[in-house]
Amino acid sequence: MTDAALTIDGLDCFYGATQVLRGLSLELRKGEVLCLLGRNGAGKTTALKAVMGLVGARAGSIRLGEIDLTRLAAHEVPRAGVAYVPQGRRLFAELTVAENIEIGLMTRGRGRATREAVLDLFPVLRERLSQRSGTLSGGEQQMLAMARALCIEPEVLLLDEPTEGLMPSMIAKIRDTVSELRTRGVSTILVEQRVDAVIPVADRVAFIENGRNRETVGVEALRDDPQMVRRYVGVG
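This section reports on the structure supplied with the text. (Residues numbered from 1 in each chain as written. Predicted model: local features only at pLDDT ≥ 70, side-chain atom pairs only at ≥ 80, totals over all residues. Heavy atoms only, no water.)

Considering the sheet that holds strand 7 (residues 156-160)
Through backbone hydrogen bonds, the strands of a sheet pair up, either in parallel or in antiparallel fashion. As summarised here, the arrangement of the six strands in space is 6-7-8-3-9-10, forming an open sheet in which the pairing is mixed. In this open sheet, the two edge strands, each paired with only one partner strand, are strand 6 (82-85) and strand 10 (212-218). When strand polarity is set aside, the average angle formed by the axes of neighbouring strands in this sheet is 20 degrees. Where strand 7 and strand 8 (residues 187-191) come together, five bridges link them in parallel fashion. (Pairing = 2+ DSSP bridges. Helix = DSSP H or I, 4+ residues; strand = E, 2+ residues; numbered from the N terminus. Axes fitted to C-alpha atoms, helices over the stretch in contact; angles between N-to-C directions.)

Structure follows, in C-alpha cells:
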C-alpha cells in the first residue's frame, strides 16, 4: 500500500485551446501539508480545480486512494472526501454563518457532532452563527470558508491562497488551523504566493512552473537555500 493520500500523474489540462498543465505529477502524502509555489499563471490553481473536477483532464490521472477522481462528476468529488476552499472564499453572503455551515454538512450527510468539532476549531464563528456571512471580516470569512469545507470531514483539503489580504493575527490563526488538521490526519495542498506564510506550516514544497512540477523538496531545504525560491517564484 502507498502512503499517498492523493496522486496526480501526467496531468494535461486546457482552457479552450490553451494548455495550462503539461504532464503535471504530484504526490500528497497522508497527513502532510504540501505547498504549491510558483509564479502567477504557473498552473497552481488549475491543479486544484482539476482535482475537484472543475477543469477536465485531457490526459493523466488523479487518484484519491483507489478512486480515480477524473472519472467522477464535479459534485461527486467532495462526497469522495476532497474539500476545496477557493481563492476569494465564495461564501453565500446573504446566508448566515449557521446556514453556510449547514450546507457543508449536507454534502456528506454529517450532523451535530461534526458541526461542533468544526466550531471548536473556530470559536469566533460560534459567536457569529446568526450573522450574515457577507458582514464578517475578511479573516472571519476565510475561517467560515474553511469550516464549511471541513464539514465534509475530508481526507484531503485544498486551500487556494487562504491568507491573501489577511492581517498577521488572522494569518497565524489559519496557519495554526492547518497544523491542527495535520495532527488529525487531514492531508492538505496549500497554494500560496508568500513564502513566509508557507515555511512555518508546510512539510514539503512543490515548485510549479509552466504547468509542470519542476522540483519537490522538504521545507527545510527552502530555509537552507533561499535562492531556490528566487529561481522558481522570482521573489526572495
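Read on, since the account is not over.
Focus: the packing of aromatic side chains
How two aromatic rings sit relative to each other is set out by the distance from centre to centre and by the angle between their planes. Here the structure, examined in full by the defined rule, presents zero aromatic pairs. A cation sits over an aromatic face here: Arg58 above Phe14, 3.9 Å from the ring centre. (Phe/Tyr/Trp six-rings, centres within 6.5 Å; stacked < 30°, edge-to-face > 60°. Lys NZ or Arg CZ within 6 Å of the ring centre and 35° of its normal.)

Points about the pairing of strand 7
Here strand 7 lies mainly inside the structure; five of its five residues are buried. Taking every second residue as pointing to the same face, both faces of strand 7 are buried, with Val156, Leu158 and Asp160 on one and Leu157 and Leu159 on the other. As paired elements, strand 6 and strand 7 share four bridges and run parallel to each other. Opposite Val82, over in strand 7, you have Val156 as the bridge partner. Running through helix 7 (residues 168-183), the crossover from strand 7 to the neighbouring parallel element strand 8 is right-handed. (Buried < 20%, exposed > 50% of the residue type's maximum accessible area, 1.4 Å probe, protein only. Right-handed = clockwise from strand over helix to strand, strands pointing away.)

Overview of the pairing of strand 10
Pairing of strand 9 (residues 204-209) with strand 10, which is carried by six bridges, proceeds in the antiparallel orientation. For Ala206, the partnering residue across the bridge sits in strand 10 and is Thr216. Linkage of strand 9 to strand 10, two consecutive antiparallel strands, is achieved through a turn of two residues, within which Asn210 is found at a positive phi near 50 degrees.

Some details on the environment of Ala147
In this structure, Ala147 sits in helix 6 (residues 138-150). When its relative accessible area of 0% is taken as the criterion, Ala147 is described as buried. Other than its neighbours up to four places away in sequence, Ala147 contacts Val118, Phe122 and Leu125. (Contact = heavy atoms within 4.5 Å.)

Concerning the pattern of salt bridges
This structure, assessed with the given rule, holds 14 salt bridges. The partner of Arg182 in a salt bridge is Asp203, and the shortest N-O contact between them spans 3.0 Å. Note that Arg182 is positioned in helix 7 and Asp203 in the loop between helix 8 (195-198) and strand 9, a separation of 21 residues in sequence. By relative accessible area, Asp203 is classed as partly exposed at 29%. Ionic contacts of the salt-bridge type, sharing partners, join the residues Arg115, Glu116, Asp120 and Arg126 into one network. (Salt bridge = Lys/Arg side-chain N within 4 Å of Asp/Glu carboxyl O.)

Observations regarding unusual backbone geometry
With the exception of glycine, most residues fall at negative phi, and the peptide bonds are largely trans. Of note in this structure, Glu161 is not a glycine but carries a positive phi near 50 degrees. Summarising the element assignment, Glu161 is placed in the loop between strand 7 and helix 7. Of note, Asn210 is a non-glycine position whose phi angle comes to about 50 degrees, a positive value. The residue Asn210 is located in the loop between strand 9 and strand 10 in this model.

Topic: a nonpolar patch on the surface
On the surface, Phe92, Ile103 and Met106 cluster together into a nonpolar patch covering about 300 Å² of accessible area. Take Phe92: it is sitting in the loop between strand 6 and helix 3 (97-107). What makes Phe92 partly exposed here is its relative accessible area of 42%. (Patch = residues over 30% accessible without salt bridge, like charges linked within 9 Å, V, L, I, M, F, W, Y side chains within 5 Å. Areas by Shrake-Rupley, 256 points an atom, 1.4 Å probe, with all protein chains shown as cover.)

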